[in-house]
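# Architecture at a glance
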Amino acid sequence: MNQTAAEGIGKNGGYCHRCRSWHILPWKEAWQACTDLMADLHRHGRVDLMQPEEKADSRCCTTPLFAAGAGKMLGLLLGRDTHGNEQRLLAFSGMYNGLWLIDGWVEPVFNLPDFLALHGPAEKKISTLGAQLASLPPSAPERNMLRKKRRELSRQNMAAIHALYTLRNFRGEEQSLTSFFSTTSGPPSGTGDCCAPKLLHQAQRLRLRPFSMAEFYWGGGNASARRAHGHRYAPCASKCQPILGFQLCGL
Ligand SMILES: [Zn+2]
Ligand SMILES: [Zn+2]
């Protein structure tokens, strides 16, 4: 862990290289609002809270989250719109049970149709190679070549997907996600899909001025996951902190 990462533990924001300082968002007010959200989640047992009970989507049920280690990070941002009214944004990390979009929750950072056009065909190719590999005897000489090919395809797919993420800060500046990480390793898988970057991106899209943000874990924890149901956590050091300083710049 480098010095900046070590300094950042528990900080609700990130280091901004332009301002040479940390940009941090307070969490207490948002955490207060999380209490209401948690009560709603507990009461309804689903995340499609905008839908009336009879229209609830079974994929949005929270029961599967309570299997050991299957919980999910959820996040809440409070901001003011251009009229000064307080607005609340909600986010789940990554996908929720195979869904990128759920009414009442913010969209992913990338453009979804672009993502689907890339990801679907690439996954198909990768799984075809996997099936070919599985059908070969362990001693077959083509195995190494196929394995290499599959690894290369996965790498290309990941790079193409990361290229879909363009972050925008509160000065109106844009920067690609990949520019925040070393060119050799690239961003870790799932960078930009955590709650904090999704919330800030949506706030910027909607021209909200965020003033508080908090994230918590909902569902079953386990010893190795080091997450517990209903507990608050700061943004992760590996994926979020390298980008949050930029995203918060200009607030
Ligand atoms: Zn994160
Ligand atoms: Zn800055």
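Residues numbered from 1 in each chain as written. Chains lettered and ligands numbered in written order. Predicted model: local features only at pLDDT ≥ 70, side-chain atom pairs only at ≥ 80, totals over all residues. Heavy atoms only, no water.

Spatially, four strands are ordered β4-β3-β7-β8 in an open sheet, and the strand pairing comes out antiparallel. Every other strand in the sheet has two partners, leaving β4 (86–92) and β8 (232–233) as the edge strands with one partner each. Where helix α2 (residues 28–44) meets the sheet, its contacts fall on β3 (72–80), β4, β7 (209–218) and β8, and the angle it forms with β7 comes to roughly 45°. Lying on the sheet, helix α5 (residues 195–205) is in contact with β3, β4 and β7; it crosses β4 at an angle near 140°. (Pairing = 2+ DSSP bridges. Helix = DSSP H or I, 4+ residues; strand = E, 2+ residues; numbered from the N terminus. Contact = heavy atoms within 4.5 Å. Axes fitted to C-alpha atoms, helices over the stretch in contact; angles between N-to-C directions.)

At 2.1 to 2.3 Å from the zinc ion (ligand 2) lie its protein donor atoms, namely C16 (SG), C19 (SG), H23 (NE2) and C249 (SG). Site description for the zinc ion (ligand 2): donor spacing in sequence, C-x2-C-x3-H-x225-C. On the basis of relative accessible area, C16 is assigned to the buried category, the value being 4%. We classify H23 as buried; its relative accessible area is 17%. (Donors = N, O, S within 2.8 Å, 3.2 Å for Na, K, Ca; no water. Buried < 20%, exposed > 50% of the residue type's maximum accessible area, 1.4 Å probe, protein only.)

Okay, the environment of W31 next. By the secondary structure assignment, W31 is in helix α2. Beyond its immediate stretch of four places on either side in the chain, W31 contacts M38, A214, F216, G230, H231 and R232.

In this section: the coordination of the zinc ion (ligand 1). Geometry sets the ideal angles at a metal, namely 109.5 degrees for four tetrahedral donors and 90 or 180 degrees for six octahedral donors. Only C194 (SG), C236 (SG) and C240 (SG) from the protein reach the zinc ion (ligand 1) as donors, at distances of 2.2 to 2.3 Å. Written as a sequence motif, the donor residues of the zinc ion (ligand 1) are C-x41-C-x3-C.

A few words now on the environment of I9. Topologically, I9 is positioned in the loop between α1 (3–7) and β1 (13–16). Note: C-alpha distance between I9 and A68 (59 residues apart in sequence) is 26 Å.

Its 24 residues give helix α3 (residues 112–135) an end-to-end C-alpha distance of 34 Å, which sits within 8% of 34 Å, the value for a rise of 1.5 Å per residue. The complete set of buried residues in α3 reads L112, F115, A122, I126, L129, G130 and L133. Tucked into the core, α3 has its buried residues touching α4 (142–162). Where α3 starts, the residue carrying a side-chain oxygen 3.1 Å from the main-chain nitrogen of D114 turns out to be N111. (Expected span 1.5 Å × (residues − 1). Polar contact = N/O pair within 3.5 Å; in protein donor to acceptor, adjacent residues only side chain to side chain.)

It is at 10 Å that the axes of α3 and α4 come closest, and there the two elements cross at 170°. Relative to α4, α3 is oriented roughly antiparallel. Between α3 and α4 the crossing geometry is left-handed. Touching F115, L118, H119, A122, E123, K125, I126, L129, G130, Q132 and L133 of α3 are R143, L146, R147, K149, R150, L153, S154, N157, A160 and I161, all from α4. For the contact of α3 with α4, a count of residues per class yields ten nonpolar, five polar and six charged. (Parallel < 35°, antiparallel > 145°, perpendicular 65-115°, else oblique. Left-handed = near helix turned anticlockwise from the far one by under 90°. Nonpolar A, V, L, I, M, F, W, Y, C, P; charged D, E, K, R; others polar.)

The next thing to look at is the domain arrangement of the chain. Segmentation of the chain into domains returns domain 1 (11–109 + 167–247) and domain 2 (111–164). With centres defined by C-alpha atoms, the gap from domain 1 to domain 2 works out at 29 Å. Contacts between the two partners involve nine residues from domain 1 and, on the opposite side, five residues from domain 2. Interface area for domain 1 against domain 2, summed over the two sides, is near 570 Å², with a carbon-plus-sulfur share of 72%. The tally of links between domain 1 and domain 2 comes to zero salt bridges. The tally of links from domain 1 across to domain 2 stands at zero residue pairs in polar contact (both at pLDDT 80 or more). For the side of domain 1 that touches domain 2, a count of residues per class yields six nonpolar, three polar and no charged. (Domains from an automatic or database assignment. Buried area = accessible area lost by both parts, 1.4 Å probe. Salt bridge = Lys/Arg side-chain N within 4 Å of Asp/Glu carboxyl O.)

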